[in-house]
Amino acid sequence: MKLKKIIALICTFAMTASMLTGCGSSKKSSQVLNIYNVGDYIDQDLLAKFTEQTGIEIVYETYDTNEAMYQKLKSGSSKYDLIFPSDYMVDKLIEENMLQKIDYKNIPNYSQIMDSFKHPSYDPNDEYSVPYLWGTFGMIYNTKVVDKEDTKSWDILWNKKYTGNILLLDSVRDTMGISLKRLGYSMNTHNPDEINKAKDELIKELSVVQAYVNDDGKDRIVAGDADIGIVYSGDAAVMMDENPDLAYAIPEEGTNKWVDAMCIPKTAENKDYAEAFINFMLDPEVAKQNVDYIEYSTPNQGVYDMLDEETKNSPVAYPSEKVLNKTEVFLNLPENVMKLYDDAWTEIKTN
């Protein structure tokens, strides 16, 4: 994982340098595609490949969370042509009129998207988004230390037996979602009492938690500095490749199933280039290379057909229907409800 990150950073620096060097050339600014994506969430070799095929240069920037991306987009300080928001954020951006409708005539490879990923709740008419990757989140754990039976419930995160060896995500929706699921509530509840109960349980849990983390938590788990962590399924696959003592579990109470999408902001100046890039990323050979690098699950039928049987049958990448039936997709919550979550989160963090 560390090596991948280093390679990705080198590629990013090299691409940035290339962009700067080209500033004095005769190439028009309209021949540049500005992409804003989550860190380490694409095989950067594909960026160069797209430029080779089209002559369109790419300026590539990254963000840590959907919320950080939203704030930058909302501020108007930067104009991106293509972004990669998660399902609930797509819903929010549509509601706030911050996305352009996509011209699917320019994306013939959209035919590769599985029917089960079309007409999602966050974009029911398939107007503003194209599925990129999908997955779940669950717990990664050290099989040498953690009892597999304990991983059947989110209760494990409150188990004093693992005090000081538990890492949680520094993410309000994900971590509050776990607490809500454990209590038998919806991850999208509007009920103030349920939100408060989930908060109170997370405050109680602080005595056994080592830290709230983001990407740095993955390295800690792989290195053995913690025994249990909350990760997204694709990250779990990479971590398990690096440390064979690790395993991934989705507790029986259920979890979040998410879909990340490719979208074009309202302020985009190069919509045609963005659509060309989306079409490029949906080409099965291209998308397969990307999936092999990132190890997340694909909504692309052409890619899925090329996967080996072991991958298709992986409970990490492609959980059973029984497991998926207990998952929830995060919804965009009304502002007054989201304030309840944010206030609860602030109280948890100040403790």
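Everything discussed here concerns the structure shown above.
The text that follows walks through the structure, step by step, so that each part is easy to find. (Residues numbered from 1 in each chain as written. Predicted model: local features only at pLDDT ≥ 70, side-chain atom pairs only at ≥ 80, totals over all residues. Heavy atoms only, no water.)

### Re the packing of aromatic side chains
Here the distance between the centres and the angle between the planes together describe a pair of aromatic rings. A complete count under the given rule lists 18 aromatic pairs for this structure. Ring centres of phenylalanine 137 and tryptophan 154 lie 6.4 Å apart, and the angle between their planes is 50 degrees; this geometry places the pair in the tilted category. Pair noted here: phenylalanine 137 is in strand β4 (residues 130-142) and tryptophan 154 is in the loop between β4 and β5 (166-169), with a separation of 17 residues, a long-range link. When its relative accessible area of 0% is taken as the criterion, phenylalanine 137 is described as buried. Of the residues examined, tryptophan 154 reaches a relative accessible area of 0% and is grouped as buried. Across the ring face of tyrosine 88, the terminal group of arginine 173 is positioned such that the distance to the ring centre comes to 5.4 Å. (Phe/Tyr/Trp six-rings, centres within 6.5 Å; stacked < 30°, edge-to-face > 60°. Helix = DSSP H or I, 4+ residues; strand = E, 2+ residues; numbered from the N terminus. Buried < 20%, exposed > 50% of the residue type's maximum accessible area, 1.4 Å probe, protein only. Lys NZ or Arg CZ within 6 Å of the ring centre and 35° of its normal.)

### Regarding the pattern of salt bridges
A full pass over the atoms with the stated rule returns 22 salt bridges. A salt bridge links lysine 181 to glutamate 328; its shortest N-O distance comes to 3.2 Å. You can see lysine 181 sitting in helix α5 (residues 172-182) and its partner glutamate 328 sitting in the loop between α13 (321-324) and α14 (335-350), a full 147 residues away along the chain. The exposure class assigned to glutamate 328 is buried, which follows from its relative accessible area of 18%. Residue glutamate 201 pairs with lysine 204 through a salt bridge whose shortest N-O separation is 3.0 Å. (Salt bridge = Lys/Arg side-chain N within 4 Å of Asp/Glu carboxyl O.)

### Details of the nonpolar core
Grouped together as the largest cluster of nonpolar side chains are 97 residues, with contacts concentrated most on Leu157, Met176 and Phe277. Here this core takes 7 residues from β4, the largest share from any one element. If sequence neighbours within four positions are ignored, leucine 157 has contacts with Ile166, Leu168, Ile178, Glu205, Val208, Ile228 and Ile230. (Core = buried A, V, L, I, M, F, W, Y, C linked by side-chain atoms within 4.5 Å. Contact = heavy atoms within 4.5 Å.)

### A closer look at helix α3 (residues 66-75)
Within α3, burial applies to Asn66, Met69, Tyr70 and Leu73. Each buried residue of α3 lies within a common arc of 100 degrees when the element is viewed along its axis, so the set occupies one face. Turning to α3, the residues buried within the fold contact β1 (32-38), β2 (57-63), β3 (82-83) and α4 (87-95). Glycine 76 lies just past α3 and shows a positive phi near 75 degrees. (Arc of directions from axis to C-beta.)

### Brief notes about the environment of alanine 268
Considering the arrangement of structural elements, one finds alanine 268 in the loop between β9 (257-262) and α9 (271-282). Distance in space between the C-alpha atoms of alanine 268 and aspartate 126 is 19 Å, their sequence separation being 142 residues. Not counting chain neighbours up to four residues away, the residues in contact with alanine 268 comprise Tyr80, Asp81 and Gln100.

### Quick word on the side chain of asparagine 332
Here asparagine 332 lies in the loop between α13 and α14. Residue classification places asparagine 332 among the buried positions, given a relative accessible area of 15%. In contact with asparagine 332, other than residues within four places in its own chain, are Tyr88, Asp91, Lys92 and Glu95.

### Here's the deal with empty space enclosed by the protein
Under the defined criterion, the tally for this structure stands at 1 cavity of 30 Å³ or more. Computed from the structure, the largest cavity encloses a volume of approximately 80 Å³. Lining the largest cavity, in full, are Pro131, Tyr132, Leu133, Met262, Met281, Leu282, Ala287, Asn290, Val291, Thr298, Pro299 and Asn300. Looking at the lining of the largest cavity, the elements with two or more residues in it are β4, α9 and α10 (284-294). (1 Å grid on protein atoms, 1.4 Å probe; cavity = no way out; pocket = protein on both sides within 12 Å on 5 of 7 lines; lining within 4 Å. Points joined across faces, edges and corners; volume = space filled by probe spheres on them.)

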